[in-house]
Amino acid sequence: MTFCLSDGLMQVDYDDEEEFVYSEEEEAYSDMQSPSMPSSDKLTQAQKQADSVAYNDDDDFDYLDAADDDDDEQPTSAIQQSNKPWEVDFKAHDLSDLQGRQEEIVNDLEPLLAVSRGSTALLLRSYEWKTESLVEDYLGDSNKVLTKTGVHAHPPAPSIETGDEDFTCEICYCSGSDELYMGLVCGHRFCTSCYETYVTIKIQEGESYNNHEQSAKFVLNLLEATEKNMEQLQREMALAWIDVVFLKNAVDVLTDCRAALKWTYVLAYYMVSDNQKVLFENNQSDLEMATEQLNELVEDPSSLTGIGDIKRKVLDMTHYVKARLDTLLTDTYQGLQEGRWKYED
């Protein structure tokens, strides 16, 4: 059975039969025309019926309440959908707590594995601190695990050799008996030039991490200096706080960038050198250069002429840096989801 309101008539559909009846408003109007009731009483009764239809039939207006409820929920839904894919819930552990936990694990496993403390730590790092997997594999075949992870009880020092006609560098493929090469414990051999380049790059990557680690600590000093600059601009140019708060916002963006860059160097450190790593490092480099440029603007805004010039340039650079940060983090998230990168053993 279905109902349909049309031109004051209510259509009641009983499958194949159709019956038309007057709506309540029409019945009220019909009563007004009836001679059996005085006109004033008819009007009063009709008005009461109309009021009853308009205000007392709550069921007819439930859909309006539902619509209002939907409107109330809309902002929350919009906020949830605006989250970036790389924004996840997390808990930041204190560094001392992590180091303490690592010490406990090493202390527990050292007597079981019967190797030195340093070798125990290396084995755990190789197994990503998955103790159960390490113990299971080690008790099954300790020699295999030690060989696979490159851990030796008494490892010989790497040696520089020459005179091997069969030598071929596994990086640049130079060969011949005249080449100087490094003979490593794992059995790999590389020419001294390639090995030196490799070590230099790893040191630089470590320094890049440390640079951003230190820069992140200096952000507090930058924030204090920025607040002084904001107060100075307010005094000299008779500005309100809202007119100079863009400088503090820029410092907040710098803080996020320093933190992100620091950990991208950790990720890049373990990546295999290929085209995918090059693309990752390009995004990394773009963000790093933009971060330094914004840092210079925030440190010395007085070098610009007028509040308009200061605000325009800082806002433009802040917007650009945020865009570069989003690009790097989104690409990193997608790369991890896709398994895009290969990692060194």
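It should be emphasised that the depicted structure is a prediction, and the values quoted were computed from it without experimental measurement. (Residues numbered from 1 in each chain as written. Predicted model: local features only at pLDDT ≥ 70, side-chain atom pairs only at ≥ 80, totals over all residues. Heavy atoms only, no water.)

Draft legend 1. Region of interest: the nonpolar core. Judged by nonpolar contacts, the single largest core of 30 residues is most densely connected at Phe280, Leu287, Leu294, Val298, Val314 and Val321. Elements supplying a minimum of two residues to this core: helix H8 (192-237), helix H10 (246-270), helix H11 (275-299) and helix H12 (306-338). Among the elements that make up this core, the one with the highest residue count is H10 (11 residues). When sequence neighbours within four positions are dropped, the list of residues in contact with Leu294 reads Ala250, Val253, Leu254, Val314, Met317, Thr318 and Val321. Within the second largest apolar cluster, 15 residues are counted, among which are Val106, Leu113, Leu134 and Val151. (Core = buried A, V, L, I, M, F, W, Y, C linked by side-chain atoms within 4.5 Å. Buried < 20%, exposed > 50% of the residue type's maximum accessible area, 1.4 Å probe, protein only. Helix = DSSP H or I, 4+ residues; strand = E, 2+ residues; numbered from the N terminus. Contact = heavy atoms within 4.5 Å.)

Draft legend 2. Spatial organisation of the sheet that holds strand S5 (residues 181-183). Across the sheet, which stays open at both edges, the 3 strands sit in the order S4-S5-S6 with antiparallel pairing between neighbours. At either end of the open sheet lies a strand with only one pairing partner, and these are strand S4 (159-161) and strand S6 (189-191). Shown here is a sheet whose adjacent strand axes are inclined to one another by a mean of 35°, direction ignored. Of the pairings in the sheet, the one linking S4 to S5 comprises 3 bridges and is antiparallel in character. Each residue of the ladder has a partner; that of Glu161, found in S5, is Tyr181. (Pairing = 2+ DSSP bridges. Axes fitted to C-alpha atoms, helices over the stretch in contact; angles between N-to-C directions.)

Draft legend 3. Examining the environment of Ile201 more closely. By the secondary structure assignment, Ile201 is in helix H8. Put simply, Ile201 and Tyr269 are 68 residues apart on the chain and 9.3 Å apart in space, counted from C-alpha to C-alpha.

Draft legend 4. Structural view of the pattern of salt bridges. Taken as a whole and assessed by the stated rule, the structure comprises 12 salt bridges. Salt-bridge contacts for Arg189 lead to Asp164; the nearest nitrogen and oxygen are separated by 2.7 Å. Remark: Asp164 occurs in the loop between S4 and S5 and Arg189 occurs in strand S6; sequence separation between them is 25 residues. Salt bridges linked by common partners bring Glu103, Glu110 and Arg117 together as one network. (Salt bridge = Lys/Arg side-chain N within 4 Å of Asp/Glu carboxyl O.)

Draft legend 5. Quick look at a nonpolar patch on the surface. Together, Trp263, Val266, Tyr269, Tyr270, Leu336 and Tyr343 give the surface a local cluster of nonpolar side chains, amounting to about 600 Å² of exposed area. Along the polypeptide, Val266 turns up in helix H10. Look at Val266 and you get partly exposed, because its relative accessible area is 30%. (Patch = residues over 30% accessible without salt bridge, like charges linked within 9 Å, V, L, I, M, F, W, Y side chains within 5 Å. Areas by Shrake-Rupley, 256 points an atom, 1.4 Å probe, with all protein chains shown as cover.)

Draft legend 6. Structural context of the packing of helix H4 (residues 95-113) against helix H5 (residues 117-126). Contact geometry for H4 and H5: axes closest at 9 Å, N-to-C directions at 110°. Considered as vectors, H4 and H5 are oriented roughly perpendicular to each other. In terms of crossing hand, the pair formed by H4 and H5 is right-handed. Seen from H4, the contacting residues are Glu103, Ile105, Val106, Asn107, Leu109, Glu110 and Leu113; seen from H5, they are Arg117, Thr120, Ala121, Leu123 and Leu124. Of the residues assigned to the contact of H4 with H5, the class counts are 7 nonpolar, 2 polar and 3 charged. (Parallel < 35°, antiparallel > 145°, perpendicular 65-115°, else oblique. Left-handed = near helix turned anticlockwise from the far one by under 90°. Nonpolar A, V, L, I, M, F, W, Y, C, P; charged D, E, K, R; others polar.)

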